[in-house]
Amino acid sequence: MTKQQTPTPEETAGPRPRRLTYAAVLTALEGLGLAVGGVWVLVLGLTGDPDDRQQAVTLGVTLVVLALLPLLAARGLLARRSWSRGPSVITQILALPVAYSLLQADSIAIPAGIAVAAAAIATLVFLLGPSTTQALGIRRPGAEPGER
C-alpha cells in the first residue's frame, strides 16, 4: 500500500458511520452464509450418498474458502481499513447473479434469492455512500491529500 492510499488519523477520526457498520454486518452475514453452506455441502458429501463424492467435497471446501473473502472484508470495514471496501464490493457484485439464479427457480429458493439480492443491493448502497468513503479515507483519483 502506498503512502497516498493510507488514510491519515484526521481522515478517519470520529465515530464510525452507521452505514459502514451496516455494510460490515451484511458482508459478515454473507460470509457466514457461505461458510455454513460450504460446511453443509461438505458434510452431506462425506456422510450422504452423493452422485459424485469428490465433486461434493470440492464444492464444500471451495465455499468455505470463498467465505474468507467477505469475512475478512467485514473485519476490515469494522476496523475502517480502506482496502476492505474492494473485496466487499466484489462480494456484492458476485452475489447478484447468484440471487438472479435463485429467483429463476420454481421452489423455496425464491425467498432466498430475494434475501440475497436485497442484502447485496443494500450493502452496495452503504459501501458506495459518501460517509463510508470518507470514513475509510478513500479519495477520488488524482485528489490532493486534503481534497476529496
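This text goes with the structure placed above it.
Remember, predicted model here, so these are calculated numbers, not experimental data.

A. Summary view of the packing of aromatic side chains. According to the stated counting rule, one finds 1 aromatic pair in the structure shown. The interplanar angle of 55 degrees and the centroid separation of 5.6 Å between the aromatic rings of tyrosine 22 and phenylalanine 126 together place this pair among those described as tilted. On the criterion of sequence distance, the pair formed by tyrosine 22 in helix α1 (residues 18-47) and phenylalanine 126 in helix α4 (residues 109-128) is long-range, its members being 104 residues apart.

B. Highlighting the packing of α1 against helix α2 (residues 53-78). It is at 7 Å that the axes of α1 and α2 come closest, and there the two elements cross at 165 degrees. Between α1 and α2, the angle falls in the class roughly antiparallel. You can see that α1 and α2 cross each other, and the crossing is left-handed. A breakdown of the residues in the contact of α1 with α2 according to their chemical character gives 25 nonpolar, 7 polar and 1 charged.

C. Region of interest: the side chain of threonine 91. With respect to the secondary-structure elements, threonine 91 resides in helix α3 (residues 85-103). Only 2.8 Å separates the side chain of threonine 91 from the backbone oxygen of proline 87, close enough to count as a polar contact. In this structure threonine 91 touches Glu30, Leu69 and Pro70, once residues within four positions along its chain are discounted.

D. Seen up close, the environment of threonine 27. Mapping threonine 27 onto the fold places it in helix α1. Residue threonine 27 is classed as buried on the basis of its relative accessible area, which comes to 0%. Each C-alpha atom of the pair threonine 27 and leucine 69 lies 9.4 Å from the other, and the pair is 42 residues apart in sequence. Leaving out residues up to four positions away in the same chain, threonine 27 has contacts with Pro70, Ala73, Ala74, Leu77, Ser88, Gln92 and Thr123.

E. Seen up close, α4. Given a rise of 1.5 Å per residue, 20 residues ought to cover 28 Å, and the 28 Å separating the end C-alpha atoms of α4 matches this to within 8%. Listed as buried for α4 are Ala109, Gly113, Ala117, Ala119, Ala120, Thr123, Leu124, Phe126 and Leu127. For α4, the elements touching its buried residues are α1, α2, α3 and α5 (130-135).

F. Quick peek at α2. Across its 26 residues, α2 extends 38 Å between first and last C-alpha, which sits within 8% of the 38 Å expected from 1.5 Å per residue. Of the residues making up α2, those classed as buried are Ala56, Gly60, Leu63, Ala67, Pro70, Ala73, Ala74, Gly76 and Leu77. The secondary structure elements touched by the buried residues of α2 are α1, α3 and α4. Two residues or fewer past α2, arginine 80 is found with a positive phi of approximately 60 degrees.

Conventions and cut-offs
Residues numbered from 1 in each chain as written. Predicted model: local features only at pLDDT ≥ 70, side-chain atom pairs only at ≥ 80, totals over all residues. Heavy atoms only, no water. Phe/Tyr/Trp six-rings, centres within 6.5 Å; stacked < 30°, edge-to-face > 60°. Helix = DSSP H or I, 4+ residues; strand = E, 2+ residues; numbered from the N terminus. Axes fitted to C-alpha atoms, helices over the stretch in contact; angles between N-to-C directions. Parallel < 35°, antiparallel > 145°, perpendicular 65-115°, else oblique. Left-handed = near helix turned anticlockwise from the far one by under 90°. Nonpolar A, V, L, I, M, F, W, Y, C, P; charged D, E, K, R; others polar. Polar contact = N/O pair within 3.5 Å; in protein donor to acceptor, adjacent residues only side chain to side chain. Contact = heavy atoms within 4.5 Å. Buried < 20%, exposed > 50% of the residue type's maximum accessible area, 1.4 Å probe, protein only. Expected span 1.5 Å × (residues − 1).

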